[in-house]
Amino acid sequence: IRELAIDSGLARLRIHDSLMTIDTALVRWEGGGLFGRGTLGWTAAHPGRIEAETFALSLAPFDSLAAGILGFSRGVVTEDEVLGGRARARMTLTGSLDRWAVEAGGRADSASWMGGRLRQGAATLALAGGRREITGMSLRAVVDTLARNQFTFAALGLDLDGAMDDLARAARDREIGRAHV
């Protein structure tokens with residue numbers, strides 16, 4: 001993430017009796033940070049719980065990361081094309097390396113990127129898995145308004161549910177109601 005200048009970071013980690021303990025973990029940058037703490041077991045006999053929270057008053061430092069993940073190669077970028085907006089998220093990881101579950105949720109507002117604009121959006125994610133695979137996933141996302149050029153979409157939603165190899169999918173918006181994909 002080339003535009004993200006990390007201001008400070010700290011992690012205190014202990015491993016004892018098959019339990020990893022994160023006493024404190026934090027990374028700070030101008031206008032944001034990531035904070036976490038908790039425990040995670042090596043085996044199912046030693047379960048734990050890790051909680052983390054992050055916020056960004058500006059999404060601009062994550063522009064190159066978003067472009068890289070989506071495979072965009074970009075030349076000169078105008079100010080209107082740079083990722084903008086604010087976001088906040090939290091995550092809970094429970095269990096152990098053998099059997100774990102993740103619950104996460106986040107919100108973004110006033111977001112814009114490459115000519116598109118999002119007024120407000122939110123998502124929740126639940127994952128379950130083990131040492132070698134993700135066994136289940138549930139994703140719910142809602143967007144109140146999404147606009148690009150002359151097109152505007154309102155009350156959008158996306159639902160994904162099930163095992164990774166057999167996800168049930170659904171999309172919706174205010175105009176077409178519910179559509180299964």
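Residues numbered from 1 in each chain as written. Predicted model: local features only at pLDDT ≥ 70, side-chain atom pairs only at ≥ 80, totals over all residues. Heavy atoms only, no water.

Counting its regular elements, the protein chain contains one helix and eleven strands. Of the regular secondary structure in the protein chain, the N- to C-terminal order runs β-β-β-β-α-β-β-β-β-β-β-β. Looking at the protein chain as a whole, 30% of its 181 residues qualify as buried. For the protein chain, restricting intrachain contacts to residue pairs at least 6 apart in sequence, the fraction spanning at least 24 positions comes to 40%. Summed over all atoms, the accessible surface of the protein chain reaches about 11800 Å², with 57% contributed by carbon and sulfur. (Helix = DSSP H or I, 4+ residues; strand = E, 2+ residues; numbered from the N terminus. Buried < 20%, exposed > 50% of the residue type's maximum accessible area, 1.4 Å probe, protein only. Contact = heavy atoms within 4.5 Å. Areas by Shrake-Rupley, 256 points an atom, 1.4 Å probe, with all protein chains shown as cover.)

Under the defined criterion, the tally for this structure stands at eight salt bridges. Between E51 and R49 there is a salt bridge, with the nearest N and O atoms lying 2.8 Å from each other. A residue is classified by how much of its surface remains accessible, and R49, at 44% relative accessible area, is partly exposed. Between E53 and R88 there is a salt bridge, with its nearest N and O atoms 3.3 Å apart. Taken as a pair, E53 in strand β4 (residues 48–56) and R88 in strand β5 (residues 84–95) lie far apart in primary sequence, 35 residues in all. Residue E53 is classed as partly exposed on the basis of its relative accessible area of 30%. Each member of the salt-bridge network shares a partner with another, and the members are E53, R88 and R90. (Salt bridge = Lys/Arg side-chain N within 4 Å of Asp/Glu carboxyl O.)

Note on helix geometry: an α-helix contains 3.6 residues per turn, so any two residues three or four positions apart are oriented the same way. Regarding helix α1 (residues 63–70), the residues found buried are D63, S64, A66 and A67. For α1, the angular spread of the buried residues around the axis is 160°, confining them to a single face. Every exposed residue of α1 that faces more than 90 degrees away from the buried side is listed here: G68 and I69. Two residues or fewer past α1, G71 is found with a positive phi of approximately 75°. (Arc of directions from axis to C-beta.)

Turning next to unusual backbone geometry. Phi at D17 is positive, roughly 50°, even though this residue is not glycine. In this fold, D17 is placed in the loop between β1 (6–16) and β2 (19–29). For N149, which is not glycine, the phi torsion reads 55° and is therefore positive. Following the sequence through the fold, N149 ends up in the loop between β8 (134–148) and β9 (151–162). The class for N149 is exposed, based on a relative accessible area of 56%.

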